[in-house]
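Structural features, examined
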Amino acid sequence: YMNELGPGRNPTTADLLDLMLVSSDATATDMLLSRFGAGTVNRTLRKLGLKSTSVHRSMNDLVWDFVGVPASSPIRNASFSTKYSEFQRKLAEPTSPAAEAQARFYSDTRDSTTPLDAIAMLEEVAKGRMLSRESRRALLEKMRFGISRLGNPLPNRNRTSEEWALVHRPGY
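Structural notes, computed from the coordinates. (Residues numbered from 1 in each chain as written. Predicted model: local features only at pLDDT ≥ 70, side-chain atom pairs only at ≥ 80, totals over all residues. Heavy atoms only, no water.)

Looking only at helices and strands, the protein has 9 helices and 0 strands in total. Ordered by position from the N terminus, the helices and strands of the protein form the series α-α-α-α-α-α-α-α-α. Split into buried and exposed, the 172 residues of the protein put 26% on the buried side. Taking as baseline every contact in the protein between residues at least 6 positions apart, the subset at least 24 positions apart corresponds to 47%. Per element, the accessible surface of the protein, about 11,400 Å² overall, is 57% carbon and sulfur. (Helix = DSSP H or I, 4+ residues; strand = E, 2+ residues; numbered from the N terminus. Buried < 20%, exposed > 50% of the residue type's maximum accessible area, 1.4 Å probe, protein only. Contact = heavy atoms within 4.5 Å. Areas by Shrake-Rupley, 256 points an atom, 1.4 Å probe, with all protein chains shown as cover.)

As structure tokens, this is what we get:
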């Protein structure tokens with residue numbers, strides 16, 4: 001994961017996408033958001049027709065907003081192990097301000113999507129209208145990895161031969 005790499009690394013966008021999609025790496029996600037900016041991400045989402053999906057905060061900010069740690073707190077920039085311990089401590093305090101922060105978090109409409117937008121995005125990818133052929137193939141390869149971990153939960157109908165081959169690749 002990104003937080004385990006030493007300083008001075010300069011991963012490519014492809015590297016970060018791989019870590020974000022395959023490993024659910026929050027640091028890689030934050031680096032991509034920083035690299036392109038929330039405004040660019042949201043404009044792109046609108047151009048793609050995803051009207052109910054928005055990205056405003058980094059994963060780091062989302063985590064700390066969830067438990068009510070202010071942006072000015074030095075814990076937000078601490079080492080991963082220190083942050084993890086503090087986050088777990090905050091979650092264990094059910095009567096603390098963290099419970100109030102969670103109520104605010106769940107009512108906040110920023111950084112959200114809808115099932116319809118998620119379906120629309122996947123449909124556009126599946127039909128080859130959202131990404132270039134090369135990008136689509138790379139994304140389907142990443143998704144195939146996730147599907148193999150889930151035990152093939154998708155129905156067999158309506159798959160292209162390319163999707164079928166990726167999902168049912170021998171050895172996965």
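Having seen the structure, we can now continue with the description.
Taken as a whole and judged by the stated rule, the model has 5 aromatic pairs. Centre to centre, the rings of Phe 66 and Phe 105 are 5.2 Å apart; their planes meet at 85 degrees, and the pair counts as edge-to-face. One end of the pair, Phe 66, is in helix 4 (residues 59–67); the other, Phe 105, is in helix 6 (residues 97–107), and 39 residues separate them in sequence. In this structure Phe 105 comes out as partly exposed when scored by relative accessible area, which is 22%. On the basis of an interplanar angle of 85 degrees and a centroid distance of 5.7 Å, the ring pair of Phe 66 and Tyr 106 is categorised as edge-to-face. Of the two residues, Phe 66 sits in helix 4 while Tyr 106 sits in helix 6, which places them 40 residues apart along the sequence. Taking the relative accessible area as the measure of exposure, Tyr 106 reaches 62% and is therefore exposed. Joined through ring pairs, the aromatic side chains of Phe 66, Phe 105 and Tyr 106 make up one cluster. (Phe/Tyr/Trp six-rings, centres within 6.5 Å; stacked < 30°, edge-to-face > 60°.)

So, about the pattern of salt bridges. One pass over the structure, following the stated rule, counts 9 salt bridges. With a closest N to O distance of 2.8 Å, Arg 76 and Asp 61 form a salt bridge. Taken together, the residues Arg 76 in the loop between helix 4 and helix 5 (80–91) and Asp 61 in helix 4 connect sequence positions 15 residues apart. Glu 123 serves as the salt-bridge partner of Lys 127, at 2.9 Å between the closest nitrogen and oxygen. Ionic contacts of the salt-bridge type, sharing partners, join the residues Arg 57, Asp 61, Asp 65, Arg 76, Asp 108, Arg 110 and Asp 111 into one network. (Salt bridge = Lys/Arg side-chain N within 4 Å of Asp/Glu carboxyl O.)

Moving on, we get to the packing of helix 1 (residues 13–23) against helix 2 (residues 26–36). For the pair helix 1 and helix 2, the least separation of the axes is 8 Å and the interaxial angle reads 140 degrees. Relative to helix 2, the element helix 1 lies oblique. Once helix 1 is placed against helix 2, the crossing between them reads as left-handed. On helix 2, the residues touching Thr 13, Leu 16, Leu 17, Leu 19 and Met 20 of helix 1 are Ala 28, Thr 29, Met 31, Leu 32, Arg 35 and Phe 36. For the contact of helix 1 with helix 2, the residue count by class is 8 nonpolar, 2 polar and 1 charged. (Axes fitted to C-alpha atoms, helices over the stretch in contact; angles between N-to-C directions. Parallel < 35°, antiparallel > 145°, perpendicular 65-115°, else oblique. Left-handed = near helix turned anticlockwise from the far one by under 90°. Nonpolar A, V, L, I, M, F, W, Y, C, P; charged D, E, K, R; others polar.)

All right, on to the packing of helix 4 against helix 5 then. For the pair helix 4 and helix 5, interaxial distance at closest approach is 9 Å and the crossing angle is 30 degrees. With respect to their mutual orientation, helix 4 and helix 5 come out roughly parallel. Of the two elements, helix 4 crosses helix 5, and the hand of that crossing is left-handed. Facing Asn 60, Val 63, Trp 64, Phe 66 and Val 67 of helix 4, the residues of helix 5 in contact are Lys 83, Glu 86, Phe 87, Lys 90 and Leu 91. Residue composition of the contact of helix 4 with helix 5, grouped by class: 6 nonpolar, 1 polar and 3 charged.

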